[in-house]
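Residue-level listing of the chains:
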Amino acid sequence: MYCVMRSLCNKNVIQTQRVTQRLLTTRPVASNVIANETFEEKNARLKRPLSPHLSIYKPQITSMLSISHRISGVILFGYAFAIGGCEVFEVTDSVILFLQSLNLSSATWIGVKTLVSMPLTFHIGNGIRHLVWDAGVALTNKGVNITGYGVLALTILLGLGLANL
């Protein structure tokens, strides 16, 4: 019995090896690789068009808010870095005196404070929106769009409110 099983297994192994060898057989192909050729140069030489990627998609509230959330996070990091730098180098008083010496109008100051507060209010509002999603609420297309427009309205209202303090 052992000899019969072994002979059957060996035949299967041999057949598998033959199939595998047949599948792995390759033939030489001429290569037109040019040394030190960049990706763009190769595509130009082969007359390949540039993929339109972003230009063919219609902007959606979800994608725009996602990008804006990342940008606002970078801006907030810049604020923290600037404030930290002023404190480390002990120039905070000088910066405040410089800003006061500009003698800007009240309307200009409100505009500047609004622009400065918008990334903060947007980032907080959109962060709360993500926490709501983590709780499993408003995950339908309609819910996502409603919360997106709600975050934009909240950003404008809170930004103007903070600027008028």
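Scroll up to find the structure this text is about.
Described in the following lines is the structure provided in the data block. (Residues numbered from 1 in each chain as written. Predicted model: local features only at pLDDT ≥ 70, side-chain atom pairs only at ≥ 80, totals over all residues. Heavy atoms only, no water.)

### Observations regarding the side chain of Thr114
Mapping Thr114 onto the fold places it in helix α5 (residues 106-134). Judged by relative accessible area, Thr114 falls into the buried class, the value being 10%. Setting aside chain neighbours within four positions, we find Thr114 in contact with Gly159, Leu160 and Ala163. (Helix = DSSP H or I, 4+ residues; strand = E, 2+ residues; numbered from the N terminus. Buried < 20%, exposed > 50% of the residue type's maximum accessible area, 1.4 Å probe, protein only. Contact = heavy atoms within 4.5 Å.)

### Thoughts on the pattern of salt bridges
For the structure on display, the rule yields one salt bridge. Close ionic contact of Glu37 with Arg45 constitutes a salt bridge, the shortest N to O distance being 2.8 Å. The partly exposed category is assigned to Glu37, whose relative accessible area is 21%. Judged by relative accessible area, which is 34%, Arg45 ranks as partly exposed. (Salt bridge = Lys/Arg side-chain N within 4 Å of Asp/Glu carboxyl O.)

### With respect to the packing of helix α3 (residues 61-88) against α5
One can describe the packing of α3 onto α5 by two numbers: an axis separation of 9 Å at closest approach and a directional angle of 125 degrees. Taken together, the axis directions place α3 and α5 in an arrangement best described as oblique. The handedness of the crossing between α3 and α5 is left-handed. Listed contacts from α5 to Thr62, Leu65, Ser68, His69, Ser72, Gly73, Ile75, Leu76 and Tyr79 of α3 are Leu115, Val116, Pro119, Leu120, Phe122, His123, Asn126, Gly127 and Arg129. The residue makeup of the contact of α3 with α5, split by class, is nine nonpolar, eight polar and one charged. (Axes fitted to C-alpha atoms, helices over the stretch in contact; angles between N-to-C directions. Parallel < 35°, antiparallel > 145°, perpendicular 65-115°, else oblique. Left-handed = near helix turned anticlockwise from the far one by under 90°. Nonpolar A, V, L, I, M, F, W, Y, C, P; charged D, E, K, R; others polar.)

### Topic: the side chain of Ser72
Along the polypeptide, Ser72 turns up in helix α3. Judged by its relative accessible area of 4%, Ser72 falls in the buried class. Polar contacts involving the side chain of Ser72 include one to the main-chain carbonyl oxygen of His69, which spans 2.9 Å. Looking at Ser72, its side chain comes within polar contact range of the side chain of His123, at 2.8 Å. Apart from residues lying up to four places away in sequence, Ser72 is in contact with Pro119, Phe122 and His123. (Polar contact = N/O pair within 3.5 Å; in protein donor to acceptor, adjacent residues only side chain to side chain.)

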